[in-house]
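Listed below, chain by chain, are the residues.
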Amino acid sequence: MELILGNLEFSTWSLRPWLVLKRCGADFTVTEIPLYGDGWKDRLAEVSPSGKVPLLKVDGETIWDSLSIAVWCAERYPTAQLWPAEAAARWAARSVTCEMHSGFMALRTDCSMGPDAGGVIHTMVGPDRAPPPTGQAVADDVRRLVEIFRDMRARFGAGGPYLFGDWSIPDAFFTPVAARFRHYQIDLAAHGDVDGVARAYCEALLDQPDFHEWVRLATTAR
Ligand SMILES: N[C@@H](CCC(=O)N[C@@H](CS)C(=O)NCC(=O)O)C(=O)O
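Quantities reported herein were computed from a predicted structural model and do not represent experimental measurements. (Residues numbered from 1 in each chain as written. Predicted model: local features only at pLDDT ≥ 70, side-chain atom pairs only at ≥ 80, totals over all residues. Heavy atoms only, no water.)

Novice: How should the overall build of the chain be read in this particular structure?
Specialist: Along the backbone of the chain there are 9 helices and 6 strands. Scaling as 2.2 N^0.38, a compact globule of 222 residues should have a C-alpha radius of gyration of about 17 Å, and the chain matches this with 17 Å. Taken across its 222 residues, the chain has 51% of its residues classed as buried. Sequence-distant contacts in the chain: of pairs separated by 6 or more residues, those separated by 24 or more amount to 73%. Accessible area for the chain stands at about 10500 Å²; split by element, carbon and sulfur atoms hold 52% of it. Counting 22 positive and 29 negative side-chain charges, the chain places the centres of these two groups 2 Å from one another. (Helix = DSSP H or I, 4+ residues; strand = E, 2+ residues; numbered from the N terminus. Rg over C-alpha atoms; globule rule 2.2 N^0.38 Å. Buried < 20%, exposed > 50% of the residue type's maximum accessible area, 1.4 Å probe, protein only. Contact = heavy atoms within 4.5 Å. Areas by Shrake-Rupley, 256 points an atom, 1.4 Å probe, with all protein chains shown as cover. Lys, Arg positive; Asp, Glu negative; His and termini not counted. Charge placed at Lys NZ, Arg CZ, Asp CG, Glu CD.)

Novice: How should empty space enclosed by the protein be read in this particular structure?
Specialist: Where empty space is left becomes clear once a probe the size of a water molecule has been rolled over the atoms. Across all of its chains, the model carries 1 cavity of 30 Å³ or more by this definition. Of the volumes computed, that of the largest cavity is approximately 60 Å³. Taken together, T12, W13, R16, M100, R108, F173, P176, V177 and R180 make up the full set of residues lining the largest cavity. The element that contributes the greatest number of residues to the lining of the largest cavity is helix α7 (residues 169-183), accounting for 4 residues. Grouping the amino acids of the lining of the largest cavity by side-chain chemistry returns 5 nonpolar, 1 polar and 3 charged. Viewed by domain, the lining of the largest cavity spans two of them, domain 1 (2-80) and domain 2 (87-213), each represented by three or more residues. (1 Å grid on protein atoms, 1.4 Å probe; cavity = no way out; pocket = protein on both sides within 12 Å on 5 of 7 lines; lining within 4 Å. Points joined across faces, edges and corners; volume = space filled by probe spheres on them. Nonpolar A, V, L, I, M, F, W, Y, C, P; charged D, E, K, R; others polar. Domains from an automatic or database assignment.)

Novice: What is the right way to look at the sheet that holds strand β2 (residues 29-32) in this model?
Specialist: Sheet strands line up and pair through hydrogen bonds in the backbone, either parallel or antiparallel. Taking strand neighbours across the sheet as the criterion, the 4 strands line up as β2-β1-β3-β4 in an open arrangement whose pairing is mixed. Looking at which strands have only one partner, the edges of the open sheet turn out to be β2 and β4 (61-64). Direction aside, neighbouring strands of the sheet carry axes that sit 20 degrees apart on average. Pairing analysis gives 4 bridges linking strand β1 (residues 2-5) to β2, with the strands arranged parallel. Each residue of the ladder has a partner; that of I4, found in β2, is T31. Against the sheet, helix α1 (residues 12-24) contacts β1, β2 and β3 (55-58), and its axis sits at roughly 155 degrees relative to β1. (Pairing = 2+ DSSP bridges. Axes fitted to C-alpha atoms, helices over the stretch in contact; angles between N-to-C directions.)

Structure below.
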């Protein structure tokens, strides 16, 4: 099984399925296609139906899109319990995962990862930090994320440090967000996190052993 990814330092979409596959204990190799390098568009077009990463090559098939790969993993590895077992929690988990997958455009734009217009490279993994964003649209996105984190933790999070207690697919989708918040030094308390619940959740995501491994991989010469 081969997982094809963009730059480990800043491809937020790539981090998601890698975390999910790690949780499954899957045996997979990683191929990194550096975005913005020489000939990167052609190389991507050769392997990816959508012209984007991530994608998974398995059993002679190609599965593309981070959410589709996560759903495939949940089917292939039922014992990994990638969605919460309890029905209300499971549907909430799917709702917030889909909301993340299809939304938060202001956050993605104003807190972008990778090279910016001035040539500065913003990463999820380094000690580099950038000034917090100032626009209202991104503030609205952060406020909604804080609301999701606080609501889900309060309703479903009693069994552990993750959004639904035990680790589940939404945690893979929110780990890049936690890394963006850290890089852009966003103070969640200023966006409704009155008692630090959302901040603690983000810290748990950045402290998961698999994310530490990703940071090691991304910061090791290759
Ligand atoms: N919805 C897709 C988005 C994938 C995506 O936008 N990937 C970026 C890399 S982080 C990409 O391949 N960009 C190349 C391009 O747009 O040409 C997913 O979840 O996999």
